[in-house]
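Fold and contact review
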Amino acid sequence: MQYKRTLAGLALAAAAVVTLAGCSTASSASAGSGSDTDWKTATSAESAGGMDALVKAAKAEGQLNVIALPPSWANYGKIIDGFTKEYGIKVNSANPNGSSADEVAAVKSQKGQSTAPDVLDLGNAVLQQNLDLLTDYKVANWADIATNLKDADGAWTRDYTGLMSIGYDSSKITKAPKDLNDLLGSEYKGKVSIAGDPTQANQAASAVYLAALENGGSADDITKGVDYFGKLKQAGNFQNVLPTQATVASGETPVVIQWSYNNLAWGPAAGASGNANWKTVVPEGQALGSYYSQAVNADAPHPAAARLWQEYIAGADAQNLYLQAGAFPSTLAALEKSGKVDQDALDAAGGAPKDYVELSDDQVTAAAKVLAAKWSATMGS
């Protein structure tokens, strides 16, 4: 089944979000209560006494530190809420609008502190550059994750992907854009933004990747994507503002190139906090996606809770919550085979895309070098 090119009708179940607490300063144990298990070194629940032991140890720690997880991003508000409801563990959410680079910076700067991130949700370029910060852990349903979507030793697992899309305010843009090149037109003067700095944020970098694919470049050489954004700036259409749900709701950022699940979350599905006129379009041609990877900080202050979080987000409930937000989970094939998939959400999304392109690890590394060399010079920033 082909992925629907216009996504405004997707049934997004992410309207209700939770208010997240700030970082904790409480100390935590590295072992389960009354147990000799050192959860900092546990590579699976089975190897360290089983799921019951893991749950007991995580509850004894009582807290989990996450970072760069906005409630509207891929349904993380409901996912975090579900984790707390299931286990009674407080989730401290730091810098929700941060980038993958910000996650890594926090791990390094807060090493040894109780506020350091326990778990990470990273774009691939930053992931590949920081593998030394991670520790191996394999979830109980490891077999449900395709081989190409996980590290063989468990250092990381891909978890969900969306598609690069154009979100636009239909009260300000009268004709729906079909692709990125439409955004070079005069109607878009001062209106087009991306989600951050492409040298730091995977979502912003992926906008450049898509521009390369649409303009004669390739996954092997994204130079033409940088050139496209240079043209967008020269035309006066590029808006150097970080878009958020609030800027979309207020009309400050009327066109945003970002993941489909984020554009969907900021539109009518968000209710009063969204933009009722916001529409989402996946450009014609190749659909560009990028899985985000889950990992445990090797120096996690709450190591058992970190591992329990990995178990939770790899399970059917959380994987279906990703799907309800328009993000395709890594266990989708296994969910379909077992009959545990949220069929309504999958039908609304039109099924996983067949014309899907994602940069390989080597291509992402090469792209990062191009961005480091050309982005600032091209954009004058």
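Reading the values: the criteria
- Residues numbered from 1 in each chain as written.
- Predicted model: local features only at pLDDT ≥ 70, side-chain atom pairs only at ≥ 80, totals over all residues.
- Heavy atoms only, no water.
- Helix = DSSP H or I, 4+ residues; strand = E, 2+ residues; numbered from the N terminus.
- Buried < 20%, exposed > 50% of the residue type's maximum accessible area, 1.4 Å probe, protein only.
- Contact = heavy atoms within 4.5 Å.
- Areas by Shrake-Rupley, 256 points an atom, 1.4 Å probe, with all protein chains shown as cover.
- Core = buried A, V, L, I, M, F, W, Y, C linked by side-chain atoms within 4.5 Å.
- Pairing = 2+ DSSP bridges.
- Phe/Tyr/Trp six-rings, centres within 6.5 Å; stacked < 30°, edge-to-face > 60°.
- Axes fitted to C-alpha atoms, helices over the stretch in contact; angles between N-to-C directions.
- Parallel < 35°, antiparallel > 145°, perpendicular 65-115°, else oblique.
- Nonpolar A, V, L, I, M, F, W, Y, C, P; charged D, E, K, R; others polar.
- pLDDT = per-residue confidence, 0-100.
- Salt bridge = Lys/Arg side-chain N within 4 Å of Asp/Glu carboxyl O.

Side note on the overall build of the protein
- Looking only at helices and strands, the protein features 13 helices and 13 strands.
- Split into buried and exposed, the 381 residues of the protein put 57% on the buried side.
- Long-range contacts, defined as pairs at least 24 residues apart, comprise 75% of the intrachain contacts of the protein with a sequence gap of at least 6.
- Per element, the accessible surface of the protein, about 14800 Å² overall, is 48% carbon and sulfur.

Things to note about the nonpolar core
- Core analysis: the largest hydrophobic core is formed by 84 residues, its most contacted members being Leu183, Ile222, Phe229 and Trp309.
- For this core, the leading source of residues is helix 5 (residues 202-214), giving nine residues.

With respect to the pairing of strand 8 (residues 255-259)
- Across the five residues that make up strand 8, a large majority, five, are buried.
- Bridge count for strand 6 (residues 164-169) against strand 8 is five bridges, and the pairing is antiparallel. Its bridge partner being in strand 8, Met164 is matched across the sheet by Trp259.

Focus: the packing of aromatic side chains
- By the definition in use, this model includes 17 aromatic pairs.
- With centroids separated by 5.6 Å and ring planes inclined at 65°, the aromatic side chains of Phe83 and Tyr312 adopt a geometry described as edge-to-face. One end of the pair, Phe83, is in helix 2 (residues 76-87); the other, Tyr312, is in helix 9 (residues 303-314), with 229 residues separating them in the sequence.
- With relative accessibility at 0%, the residue Phe83 sits in the buried group.
- Tyr312 gets classed as buried once you look at its relative accessible area, which sits at 12%.
- Members of the aromatic cluster, each reached through a chain of ring pairs, are Trp73, Tyr76, Tyr160, Trp259, Tyr261, Tyr292 and Tyr322.

Some thoughts on the pairing of strand 11 (residues 292-297)
- Counting buried positions along strand 11 gives six out of six residues, so the element sits mostly inside the fold.
- In the sheet, strand 4 (residues 134-135) pairs with strand 11 via two bridges, with the strands oriented antiparallel. Looking at the pairing, Leu134 lines up with Asn297 of strand 11.
- Summarising the sheet, strand 5 (residues 157-161) and strand 11 pair through three bridges and their orientation is antiparallel. Residue Thr157 lies in a different strand from strand 11, and its bridge partner there is Gln294.

Side note on helix 10 (residues 316-324)
- Burial analysis of helix 10 places seven of its nine residues in the buried class, the great majority of the element.
- Taken together, the buried positions of helix 10 are Ala318, Gln319, Asn320, Leu321, Tyr322, Leu323 and Gln324.
- Of the residues one or two after helix 10, Gly326 is the one with positive phi, at around 90°.

Structural notes on unusual backbone geometry
- The backbone phi angle of Asn75 is positive, close to 75°, even though this residue is not glycine.
- With respect to the secondary-structure elements, Asn75 resides in the loop between strand 1 (63-67) and helix 2.
- Its relative accessible area of 1% is what places Asn75 among the buried residues.

Some points on the packing of helix 5 against helix 13 (residues 361-379)
- It is the contact of helix 5 with helix 13, at a shortest axis distance of 11 Å, that shows an interaxial angle of 95°. With respect to helix 13, the axis of helix 5 lies roughly perpendicular. In this structure, helix 5 uses Ala205, Val208 and Tyr209 to contact helix 13, whose residues at the interface are Val364, Ala367, Leu371 and Trp375.
- Taken together, the residues that form the contact of helix 5 with helix 13 break down as seven nonpolar, no polar and no charged.

Considerations on the sheet that holds strand 8
- Taken in spatial order, the four strands line up as 7-8-6-9 in an open sheet, and their pairing is mixed. Looking along the sheet, the strands with just one partner apiece sit at the ends: strand 7 (192-194) and strand 9 (278-281). Adjacent strand axes in the sheet meet at a mean angle of 25° when their direction is disregarded.
- Along the sheet face, helix 5 touches strand 6, strand 7 and strand 8 and points at about 105° away from the line of strand 8.

Re the environment of Asn148
- Following the sequence through the fold, Asn148 ends up in the loop between strand 4 and strand 5.
- Each C-alpha atom of the pair Asn148 and Arg158 lies 8.8 Å from the other, and the pair is ten residues apart in sequence.

Quick look at the confidence of the model for the protein
- Residues at a pLDDT of 70 or more form 90% of the protein, whose mean pLDDT is 89.
- Note that pLDDT drops below 50 for residues 1-34; the model gives that stretch 99 contacts with residues more than four away or on any other chain.

Brief notes about the pattern of salt bridges
- Counted by the stated rule, this structure contains two salt bridges.
- Across the pair Asp361 and Arg158 runs a salt bridge whose closest N-O atoms are separated by 3.2 Å. A residue pair is termed long-range when its members are at least 10 positions apart, and Asp361 in helix 13 and Arg158 in strand 5 qualify at 203 residues.

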